[in-house]
Amino acid sequence: MSPFWLWWLTKGWPWLKKNWMWVLLFPVALLAFLFGRDRGKVVVVDERRESDAARDFERKVEERRQAAVGELDRQLVERTGAVVQEHREELNKLTEEQRAAAEELLGDPDALRSYLLQVGSRARG
């Protein structure tokens, strides 16, 4: 065996086992520096194209939102109109029923008294 291998086996190997962290510190730090340096590059973007694309996208989104809001408004008007019409019809029907009942009750005092008692009990719950 050559004298270098003999020296390595007797002196170098135990030292390397004891100080292995310090030996690896230099290559790891060098690799971290090299890879970290590449990440700092600045990329220049043409601002006009980016702003035009952003403006077009915002315009399309706004058009879609306006169309959706318009459709919802139209549906709301239709539904509200239908509910109001039903309410008016129901009120007219109840008014006619009450007028007919009032004409019948004017001629009969006992029926008027029982009707007023019913109305009072409904009002109290």
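Residues numbered from 1 in each chain as written. Predicted model: local features only at pLDDT ≥ 70, side-chain atom pairs only at ≥ 80, totals over all residues. Heavy atoms only, no water.

Focus: the overall build of the chain
- Within the chain one finds four helices and zero strands.
- Put simply, the chain runs from its N terminus to its C terminus through helices and strands in the order α-α-α-α.
- Taken across its 125 residues, the chain has 2% of its residues classed as buried.
- If you sum the accessible surface of the chain, you get close to 12,200 Å²; carbon and sulfur atoms cover 62% of it. (Helix = DSSP H or I, 4+ residues; strand = E, 2+ residues; numbered from the N terminus. Buried < 20%, exposed > 50% of the residue type's maximum accessible area, 1.4 Å probe, protein only. Areas by Shrake-Rupley, 256 points an atom, 1.4 Å probe, with all protein chains shown as cover.)

Observations concerning the pattern of salt bridges
- With the rule as written, the count across this model stands at five salt bridges.
- Its salt-bridge partner being E78, residue R74 comes within 2.5 Å of it at the nearest N-O pair. Separated by four residues within a single helix, R74 and E78 lie in helix α3 (residues 47-107), roughly one turn from each other.
- It is possible to trace a salt-bridge network through shared partners that takes in E71, R74 and E78. (Salt bridge = Lys/Arg side-chain N within 4 Å of Asp/Glu carboxyl O.)

Considerations on helix α1 (residues 3-18)
- Here α1 contains 16 residues, and its C-alpha end-to-end distance of 22 Å stays within 8% of the 22 Å for a straight helix at 1.5 Å per residue.
- In the structure, α1 departs most strongly from a straight axis at L9, where the bend amounts to approximately 45°. (Expected span 1.5 Å × (residues − 1). Bend = angle between axes of the 7 residues up to and from the residue.)

Focus: the confidence of the model for the chain
- Of the residues in the chain, 86% have a pLDDT of 70 or more, and the chain-wide mean is 83.
- Confidence, expressed as mean pLDDT per element, reaches its minimum in the chain at α1 with 78 and its maximum at α3 with 88. (pLDDT = per-residue confidence, 0-100.)

Points about a nonpolar patch on the surface
- A contiguous nonpolar patch, built from W20, M21, W22, L24, L25 and V28 and spanning about 710 Å² of accessible area, is present on the exposed surface.
- Mapped onto the secondary structure, M21 falls in helix α2 (residues 20-38).
- The class for M21 is exposed, based on a relative accessible area of 53%. (Patch = residues over 30% accessible without salt bridge, like charges linked within 9 Å, V, L, I, M, F, W, Y side chains within 5 Å.)

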